[in-house]
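# Observations on the three-dimensional arrangement
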Amino acid sequence: MFLTALTFLLAPIRICAQQPKSIFYMTREPLSVRSFLAHADKVDILSPNWYSVDSSGLVSGEANPQVMETARQHHVPVMPLVVNGGFAQEEVHKFFGNRPARQQAIAALIRASKDNGYIGFQLDLENVNWTDRDALSGFVRETAAVFHKAGLQLSIATIPNAPGHPGETGFSKWIYENWRGAYDLKAISESVDFLCLMTYDQHTTWTVPGPVAGWNWTVANLDYALKVVPPQKLALGIPLYGYHWFTGTPIKPPDKSGDKPNPTAEYISTDDALDLAKAYGGHPEWDAADRTAWLYFYRDDEREWIFYTDARTFKERYALVKDRGLRGFASWVLGTEDAGIWELLPSHK
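Residues numbered from 1 in each chain as written. Predicted model: local features only at pLDDT ≥ 70, side-chain atom pairs only at ≥ 80, totals over all residues. Heavy atoms only, no water.

### Side note on the overall build of the chain
A tally of regular secondary structure across the chain gives eleven helices and 14 strands. For the chain, whose C-alpha radius of gyration is 21 Å, the value lies close to the compact-globule estimate of 20 Å for 349 residues. C-alpha extents for the chain along the principal axes are approximately 75 × 55 × 40 Å. For the chain, the proportion of contacts with a sequence separation of at least 24, taken over those separated by at least 6, is 73%. A total of about 17,000 Å² of accessible surface is found on the chain, and carbon and sulfur atoms cover 55% of it. Taken as two groups, the 33 positive and 40 negative side-chain charges of the chain have centres that lie 7 Å from each other. (Helix = DSSP H or I, 4+ residues; strand = E, 2+ residues; numbered from the N terminus. Rg over C-alpha atoms; globule rule 2.2 N^0.38 Å. Contact = heavy atoms within 4.5 Å. Areas by Shrake-Rupley, 256 points an atom, 1.4 Å probe, with all protein chains shown as cover. Lys, Arg positive; Asp, Glu negative; His and termini not counted. Charge placed at Lys NZ, Arg CZ, Asp CG, Glu CD.)

In C-alpha coordinates, the structure reads:
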(Lines give C-alpha, C1' and ligand atoms only; values in the text may rest on other atoms or scores of the structure.)
Protein backbone atom coordinates (compact mmCIF):
# COMPACT_ATOMS: atom_id res chain seq x y z
CA MET A 1 0.00 0.00 0.00
CA PHE A 2 2.79 2.41 0.96
CA LEU A 3 4.78 1.63 -2.21
CA THR A 4 1.70 2.10 -4.37
CA ALA A 5 1.02 5.50 -2.83
CA LEU A 6 4.67 6.50 -3.13
CA THR A 7 4.72 5.52 -6.80
CA PHE A 8 1.59 7.58 -7.39
CA LEU A 9 3.11 10.62 -5.71
CA LEU A 10 6.40 10.39 -7.58
CA ALA A 11 4.86 9.79 -11.00
CA PRO A 12 4.15 13.47 -11.78
CA ILE A 13 7.70 14.38 -10.75
CA ARG A 14 9.18 11.77 -13.06
CA ILE A 15 7.04 12.91 -15.99
CA CYS A 16 7.98 16.54 -15.37
CA ALA A 17 11.68 15.67 -15.29
CA GLN A 18 11.41 13.99 -18.69
CA GLN A 19 9.79 16.97 -20.39
CA PRO A 20 12.43 18.51 -22.66
CA LYS A 21 13.22 22.18 -22.17
CA SER A 22 12.43 24.62 -24.97
CA ILE A 23 15.20 27.12 -25.70
CA PHE A 24 14.26 29.77 -28.25
CA TYR A 25 16.54 32.31 -29.88
CA MET A 26 15.25 35.80 -30.59
CA THR A 27 16.60 38.74 -32.58
CA ARG A 28 15.70 42.41 -32.35
CA GLU A 29 13.46 42.10 -35.41
CA PRO A 30 9.88 43.12 -34.55
CA LEU A 31 8.45 39.80 -35.78
CA SER A 32 10.86 37.92 -33.54
CA VAL A 33 10.03 40.03 -30.49
CA ARG A 34 6.28 39.75 -31.10
CA SER A 35 6.56 35.97 -31.37
CA PHE A 36 8.10 35.80 -27.90
CA LEU A 37 5.55 38.18 -26.43
CA ALA A 38 2.76 36.00 -27.79
CA HIS A 39 4.21 32.63 -26.71
CA ALA A 40 6.24 33.35 -23.57
CA ASP A 41 4.42 30.65 -21.62
CA LYS A 42 5.87 27.99 -23.91
CA VAL A 43 9.46 29.24 -23.78
CA ASP A 44 11.56 27.65 -21.01
CA ILE A 45 14.71 29.68 -21.72
CA LEU A 46 14.91 32.77 -23.94
CA SER A 47 18.25 33.36 -25.63
CA PRO A 48 18.10 36.76 -27.35
CA ASN A 49 20.79 37.81 -29.80
CA TRP A 50 21.66 41.06 -28.02
CA TYR A 51 25.43 41.06 -27.38
CA SER A 52 28.68 40.83 -29.32
CA VAL A 53 32.34 40.84 -28.40
CA ASP A 54 35.14 42.21 -30.57
CA SER A 55 38.77 41.16 -30.81
CA SER A 56 39.84 43.62 -28.09
CA GLY A 57 37.39 42.08 -25.62
CA LEU A 58 34.88 44.94 -25.83
CA VAL A 59 31.34 43.65 -25.21
CA SER A 60 28.50 45.70 -26.69
CA GLY A 61 24.75 45.23 -26.40
CA GLU A 62 21.70 46.03 -24.33
CA ALA A 63 18.51 44.39 -23.11
CA ASN A 64 15.06 45.08 -24.53
CA PRO A 65 12.99 46.36 -21.55
CA GLN A 66 9.67 45.08 -22.91
CA VAL A 67 11.09 41.61 -23.46
CA MET A 68 12.64 41.56 -20.00
CA GLU A 69 9.37 42.62 -18.34
CA THR A 70 7.42 39.95 -20.24
CA ALA A 71 10.02 37.35 -19.27
CA ARG A 72 9.69 38.40 -15.63
CA GLN A 73 5.91 38.21 -15.68
CA HIS A 74 5.93 34.76 -17.29
CA HIS A 75 8.89 33.40 -15.29
CA VAL A 76 11.09 32.86 -18.35
CA PRO A 77 14.83 32.75 -17.58
CA VAL A 78 16.87 34.88 -19.98
CA MET A 79 20.27 33.73 -21.22
CA PRO A 80 21.43 36.03 -24.04
CA LEU A 81 23.80 35.07 -26.79
CA VAL A 82 27.18 36.72 -27.11
CA VAL A 83 28.62 36.43 -30.62
CA ASN A 84 32.00 37.20 -32.09
CA GLY A 85 30.45 39.92 -34.22
CA GLY A 86 31.83 39.24 -37.66
CA PHE A 87 35.55 39.69 -37.03
CA ALA A 88 37.99 37.62 -39.07
CA GLN A 89 39.54 34.32 -38.02
CA GLU A 90 42.89 35.98 -37.48
CA GLU A 91 41.29 38.36 -34.99
CA VAL A 92 39.56 35.47 -33.22
CA HIS A 93 42.97 33.82 -32.87
CA LYS A 94 44.42 37.01 -31.40
CA PHE A 95 41.53 37.30 -28.94
CA PHE A 96 42.06 33.78 -27.63
CA GLY A 97 45.73 34.58 -27.08
CA ASN A 98 45.11 37.96 -25.40
CA ARG A 99 44.52 37.33 -21.70
CA PRO A 100 43.54 40.95 -20.80
CA ALA A 101 40.99 40.97 -23.65
CA ARG A 102 39.51 37.66 -22.52
CA GLN A 103 39.28 38.80 -18.91
CA GLN A 104 37.68 42.08 -19.92
CA ALA A 105 35.05 40.29 -21.98
CA ILE A 106 34.23 37.81 -19.21
CA ALA A 107 33.95 40.61 -16.62
CA ALA A 108 31.60 42.57 -18.90
CA LEU A 109 29.34 39.54 -19.34
CA ILE A 110 29.23 39.03 -15.57
CA ARG A 111 28.22 42.67 -15.07
CA ALA A 112 25.52 42.46 -17.73
CA SER A 113 24.13 39.34 -16.08
CA LYS A 114 24.02 40.91 -12.63
CA ASP A 115 22.61 44.22 -13.88
CA ASN A 116 19.79 42.63 -15.89
CA GLY A 117 18.99 39.48 -13.94
CA TYR A 118 20.17 37.04 -16.61
CA ILE A 119 20.82 33.46 -15.52
CA GLY A 120 24.02 33.62 -17.56
CA PHE A 121 25.14 33.76 -21.18
CA GLN A 122 25.42 31.47 -24.17
CA LEU A 123 28.61 31.70 -26.20
CA ASP A 124 28.12 31.68 -29.98
CA LEU A 125 31.65 31.76 -31.35
CA GLU A 126 31.68 30.84 -35.03
CA ASN A 127 34.05 31.09 -37.99
CA VAL A 128 36.85 29.71 -35.81
CA ASN A 129 39.70 27.90 -37.58
CA TRP A 130 40.22 24.26 -36.65
CA THR A 131 43.76 25.06 -35.45
CA ASP A 132 42.20 27.11 -32.61
CA ARG A 133 40.35 24.09 -31.26
CA ASP A 134 42.28 23.93 -27.97
CA ALA A 135 42.23 27.72 -27.59
CA LEU A 136 38.45 27.76 -27.93
CA SER A 137 38.07 24.97 -25.37
CA GLY A 138 40.40 26.87 -23.04
CA PHE A 139 38.37 30.07 -23.32
CA VAL A 140 35.17 28.17 -22.59
CA ARG A 141 36.78 26.54 -19.54
CA GLU A 142 38.10 29.90 -18.29
CA THR A 143 34.73 31.62 -18.77
CA ALA A 144 32.77 28.80 -17.14
CA ALA A 145 34.97 28.88 -14.04
CA VAL A 146 34.36 32.60 -13.50
CA PHE A 147 30.64 32.33 -14.26
CA HIS A 148 30.13 29.44 -11.87
CA LYS A 149 32.01 31.25 -9.12
CA ALA A 150 29.58 34.15 -9.64
CA GLY A 151 26.57 31.81 -9.44
CA LEU A 152 25.79 32.08 -13.16
CA GLN A 153 25.32 29.52 -15.89
CA LEU A 154 27.28 29.24 -19.12
CA SER A 155 26.13 27.44 -22.24
CA ILE A 156 27.50 27.32 -25.77
CA ALA A 157 26.18 26.86 -29.28
CA THR A 158 28.37 24.48 -31.26
CA ILE A 159 28.46 23.59 -34.93
CA PRO A 160 27.88 19.85 -35.50
CA ASN A 161 31.02 18.10 -36.71
CA ALA A 162 30.36 14.44 -37.45
CA PRO A 163 32.26 12.37 -38.50
CA GLY A 164 35.07 14.37 -36.87
CA HIS A 165 37.24 14.86 -39.94
CA PRO A 166 37.00 16.25 -43.50
CA GLY A 167 35.46 14.08 -46.20
CA GLU A 168 36.13 13.69 -49.90
CA THR A 169 35.10 16.99 -51.43
CA GLY A 170 36.78 20.36 -51.35
CA PHE A 171 33.72 21.80 -49.67
CA SER A 172 33.92 19.21 -46.92
CA LYS A 173 37.55 20.15 -46.27
CA TRP A 174 36.75 23.86 -46.30
CA ILE A 175 33.80 23.70 -43.90
CA TYR A 176 35.69 21.44 -41.48
CA GLU A 177 38.76 23.67 -41.55
CA ASN A 178 36.85 26.92 -41.06
CA TRP A 179 33.73 25.95 -39.13
CA ARG A 180 33.27 22.42 -37.82
CA GLY A 181 36.73 21.39 -36.70
CA ALA A 182 37.13 23.94 -33.88
CA TYR A 183 34.68 22.26 -31.49
CA ASP A 184 36.02 19.67 -29.07
CA LEU A 185 32.60 18.59 -27.85
CA LYS A 186 33.94 16.49 -24.98
CA ALA A 187 36.17 19.21 -23.55
CA ILE A 188 33.54 21.92 -24.01
CA SER A 189 30.74 19.90 -22.44
CA GLU A 190 32.84 19.25 -19.34
CA SER A 191 32.99 23.02 -18.72
CA VAL A 192 29.52 24.33 -19.58
CA ASP A 193 26.13 23.78 -17.99
CA PHE A 194 24.74 22.67 -21.33
CA LEU A 195 25.53 22.63 -25.01
CA CYS A 196 23.22 23.54 -27.92
CA LEU A 197 24.10 21.55 -31.03
CA MET A 198 23.36 23.71 -34.07
CA THR A 199 21.96 20.92 -36.21
CA TYR A 200 20.89 23.23 -39.00
CA ASP A 201 22.35 24.76 -42.15
CA GLN A 202 23.25 21.41 -43.65
CA HIS A 203 22.52 23.18 -46.93
CA THR A 204 23.01 26.90 -47.11
CA THR A 205 24.12 29.82 -49.26
CA TRP A 206 27.34 27.90 -50.02
CA THR A 207 25.65 24.75 -51.29
CA VAL A 208 23.20 23.39 -53.82
CA PRO A 209 19.53 23.28 -52.71
CA GLY A 210 18.73 20.79 -49.97
CA PRO A 211 17.18 20.47 -46.51
CA VAL A 212 18.20 22.89 -43.78
CA ALA A 213 18.58 19.87 -41.51
CA GLY A 214 17.97 16.53 -43.22
CA TRP A 215 16.93 13.63 -41.00
CA ASN A 216 19.92 11.30 -41.46
CA TRP A 217 22.35 14.21 -41.15
CA THR A 218 20.66 15.40 -37.96
CA VAL A 219 20.63 11.95 -36.38
CA ALA A 220 24.25 11.27 -37.36
CA ASN A 221 25.45 14.52 -35.78
CA LEU A 222 23.35 14.00 -32.66
CA ASP A 223 24.59 10.46 -32.12
CA TYR A 224 28.18 11.57 -32.74
CA ALA A 225 27.82 14.25 -30.05
CA LEU A 226 26.18 11.83 -27.61
CA LYS A 227 29.34 9.70 -27.66
CA VAL A 228 31.02 12.35 -25.51
CA VAL A 229 28.24 14.67 -24.26
CA PRO A 230 25.74 13.43 -21.62
CA PRO A 231 22.16 13.72 -22.94
CA GLN A 232 21.11 15.82 -19.96
CA LYS A 233 23.68 18.41 -21.08
CA LEU A 234 22.66 18.47 -24.74
CA ALA A 235 19.96 20.45 -26.56
CA LEU A 236 19.24 19.57 -30.18
CA GLY A 237 19.11 22.44 -32.62
CA ILE A 238 15.81 22.61 -34.52
CA PRO A 239 15.61 25.27 -37.24
CA LEU A 240 12.41 27.27 -37.55
CA TYR A 241 13.36 28.90 -40.86
CA GLY A 242 14.03 27.78 -44.39
CA TYR A 243 16.21 28.62 -47.38
CA HIS A 244 15.07 29.90 -50.75
CA TRP A 245 17.39 29.16 -53.69
CA PHE A 246 17.11 31.12 -56.91
CA THR A 247 19.20 32.45 -59.78
CA GLY A 248 20.70 35.81 -58.89
CA THR A 249 21.79 38.53 -61.26
CA PRO A 250 25.15 37.58 -62.88
CA ILE A 251 28.13 39.32 -61.28
CA LYS A 252 30.46 41.59 -63.22
CA PRO A 253 33.99 41.01 -61.83
CA PRO A 254 36.43 43.95 -61.54
CA ASP A 255 38.79 42.43 -64.12
CA LYS A 256 35.98 42.55 -66.74
CA SER A 257 36.64 38.92 -67.63
CA GLY A 258 32.96 38.29 -68.29
CA ASP A 259 29.82 37.90 -66.23
CA LYS A 260 29.97 35.23 -63.53
CA PRO A 261 27.05 33.02 -62.41
CA ASN A 262 25.35 33.99 -59.17
CA PRO A 263 23.25 31.17 -57.69
CA THR A 264 21.70 32.68 -54.59
CA ALA A 265 20.09 31.49 -51.36
CA GLU A 266 18.37 33.50 -48.66
CA TYR A 267 16.72 32.82 -45.31
CA ILE A 268 12.95 32.54 -45.51
CA SER A 269 10.18 32.14 -42.94
CA THR A 270 7.48 29.52 -43.26
CA ASP A 271 4.80 32.14 -43.94
CA ASP A 272 6.88 33.75 -46.70
CA ALA A 273 7.63 30.36 -48.24
CA LEU A 274 3.95 29.50 -48.42
CA ASP A 275 3.09 32.95 -49.79
CA LEU A 276 5.56 32.45 -52.65
CA ALA A 277 4.10 29.02 -53.33
CA LYS A 278 0.61 30.52 -53.60
CA ALA A 279 1.79 33.34 -55.82
CA TYR A 280 3.65 31.16 -58.33
CA GLY A 281 1.81 27.85 -58.23
CA GLY A 282 4.15 25.91 -55.97
CA HIS A 283 2.87 22.84 -54.14
CA PRO A 284 4.25 22.01 -50.67
CA GLU A 285 5.76 18.52 -50.61
CA TRP A 286 7.03 16.12 -47.93
CA ASP A 287 10.43 14.45 -48.29
CA ALA A 288 10.01 11.12 -46.52
CA ALA A 289 13.75 10.38 -46.44
CA ASP A 290 14.83 13.73 -45.02
CA ARG A 291 11.57 14.22 -43.09
CA THR A 292 11.30 17.81 -44.18
CA ALA A 293 8.96 20.11 -46.08
CA TRP A 294 9.96 21.53 -49.44
CA LEU A 295 8.54 23.03 -52.60
CA TYR A 296 9.51 24.50 -55.92
CA PHE A 297 7.94 26.86 -58.43
CA TYR A 298 8.85 28.59 -61.67
CA ARG A 299 9.34 32.32 -62.06
CA ASP A 300 10.50 33.79 -65.38
CA ASP A 301 11.18 30.24 -66.61
CA GLU A 302 13.62 29.52 -63.78
CA ARG A 303 12.96 26.94 -61.06
CA GLU A 304 13.26 28.23 -57.50
CA TRP A 305 13.60 25.84 -54.55
CA ILE A 306 12.55 26.22 -50.91
CA PHE A 307 13.25 23.84 -48.04
CA TYR A 308 11.60 24.93 -44.81
CA THR A 309 10.40 23.82 -41.37
CA ASP A 310 6.67 23.27 -41.13
CA ALA A 311 4.97 21.91 -38.01
CA ARG A 312 5.43 18.31 -39.19
CA THR A 313 9.17 18.82 -39.74
CA PHE A 314 9.46 20.32 -36.26
CA LYS A 315 7.40 17.52 -34.71
CA GLU A 316 9.72 14.83 -36.11
CA ARG A 317 12.75 16.45 -34.49
CA TYR A 318 10.92 17.20 -31.25
CA ALA A 319 10.13 13.49 -31.02
CA LEU A 320 13.84 12.75 -31.52
CA VAL A 321 14.65 15.00 -28.55
CA LYS A 322 12.27 12.99 -26.39
CA ASP A 323 13.46 9.65 -27.75
CA ARG A 324 17.11 10.38 -26.91
CA GLY A 325 16.28 11.77 -23.46
CA LEU A 326 17.93 15.11 -24.20
CA ARG A 327 17.89 18.21 -22.03
CA GLY A 328 15.76 19.86 -24.69
CA PHE A 329 15.94 21.66 -28.00
CA ALA A 330 17.20 25.04 -29.15
CA SER A 331 15.43 26.74 -32.06
CA TRP A 332 16.62 29.56 -34.30
CA VAL A 333 14.77 31.85 -34.67
CA LEU A 334 11.49 33.23 -33.30
CA GLY A 335 9.47 35.07 -35.93
CA THR A 336 10.14 32.57 -38.74
CA GLU A 337 8.22 29.60 -37.32
CA ASP A 338 5.15 27.73 -38.49
CA ALA A 339 2.45 28.78 -36.00
CA GLY A 340 1.51 25.11 -35.68
CA ILE A 341 4.59 24.33 -33.59
CA TRP A 342 3.06 26.07 -30.57
CA GLU A 343 0.30 23.48 -30.44
CA LEU A 344 2.98 20.80 -29.94
CA LEU A 345 4.57 22.43 -26.89
CA PRO A 346 3.31 22.42 -23.30
CA SER A 347 2.88 25.59 -21.31
CA HIS A 348 5.13 25.99 -18.28
CA LYS A 349 2.51 28.01 -16.38
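### Overview of the side chain of Ser 155
Take Ser 155: it is sitting in strand β6 (residues 153-158). A distance of 2.9 Å separates polar atoms of two side chains, one belonging to Ser 155 and the other to Gln 122. If sequence neighbours within four positions are ignored, Ser 155 has contacts with Met 79, Phe 121, Gln 122, Leu 123, Val 192 and Phe 194. (Polar contact = N/O pair within 3.5 Å; in protein donor to acceptor, adjacent residues only side chain to side chain.)

### A word on the packing of aromatic side chains
Pairs of aromatic rings are described using the distance from one ring centre to the other and the angle between the two planes. Under the counting rule described, the total for this entry stands at 28 aromatic pairs. Ring centres of Trp 179 and Trp 206 lie 5.6 Å apart, and the angle between their planes is 50 degrees; on these two criteria the pair is classed as tilted. With Trp 179 in the loop between α7 (170-178) and α8 (185-191) and Trp 206 in the loop between β7 (194-197) and α9 (215-226), this residue pair connects regions lying 27 residues apart in the sequence. Accessibility expressed as a relative area gives 16% for Trp 179, which makes it buried. Classification of Trp 206 by relative accessible area gives partly exposed; the value is 45%. Ring centres 6.1 Å apart and planes at 85 degrees place the aromatic pair Trp 245 and Phe 307 in the edge-to-face group. Taken as a pair, Trp 245 in strand β9 (residues 242-247) and Phe 307 in strand β13 (residues 302-308) lie far apart in primary sequence, 62 residues in all. Residue Trp 245 shares its accessibility class with Phe 307, and that shared class is buried. (Phe/Tyr/Trp six-rings, centres within 6.5 Å; stacked < 30°, edge-to-face > 60°. Buried < 20%, exposed > 50% of the residue type's maximum accessible area, 1.4 Å probe, protein only.)

### Some thoughts on the packing of α9 against helix α11 (residues 311-323)
Where α9 meets α11, the axes come as close as 12 Å, and the angle between the chain directions of the two elements is 20 degrees. Between α9 and α11, the interaxial angle falls into the category roughly parallel. The hand of the α9/α11 crossing is right-handed. Facing Trp 215, Thr 218, Val 219 and Leu 222 of α9, the residues of α11 in contact are Glu 316, Arg 317 and Leu 320. (Axes fitted to C-alpha atoms, helices over the stretch in contact; angles between N-to-C directions. Parallel < 35°, antiparallel > 145°, perpendicular 65-115°, else oblique. Left-handed = near helix turned anticlockwise from the far one by under 90°.)

### Description of the pattern of salt bridges
With the rule as written, the count across this model stands at eleven salt bridges. In this structure, Asp 259 engages Lys 252 in a salt bridge whose closest nitrogen and oxygen atoms are separated by 3.2 Å. Overall, Lys 252 belongs to the exposed group, its relative accessible area being 66%. One network of salt bridges, with partners in common, ties together Asp 223, Asp 323 and Arg 324. (Salt bridge = Lys/Arg side-chain N within 4 Å of Asp/Glu carboxyl O.)

### Details of helix α6 (residues 133-149)
Over its 17 residues, α6 extends 25 Å from the first C-alpha to the last, a length consistent with the 24 Å expected when each residue adds 1.5 Å. Within α6, the full set of buried residues consists of Leu 136, Ser 137, Phe 139, Val 140, Thr 143, Ala 144 and Phe 147. Along the axis of α6, the buried positions cluster into a sector of 160 degrees, meaning they face one direction only. What points out from α6, more than 90 degrees from its buried face, is the exposed set Asp 134 and Lys 149. Buried residues in α6 make contact with α4 (89-97), α5 (99-116), β5 (120-124), β6 and α8. (Expected span 1.5 Å × (residues − 1). Arc of directions from axis to C-beta.)

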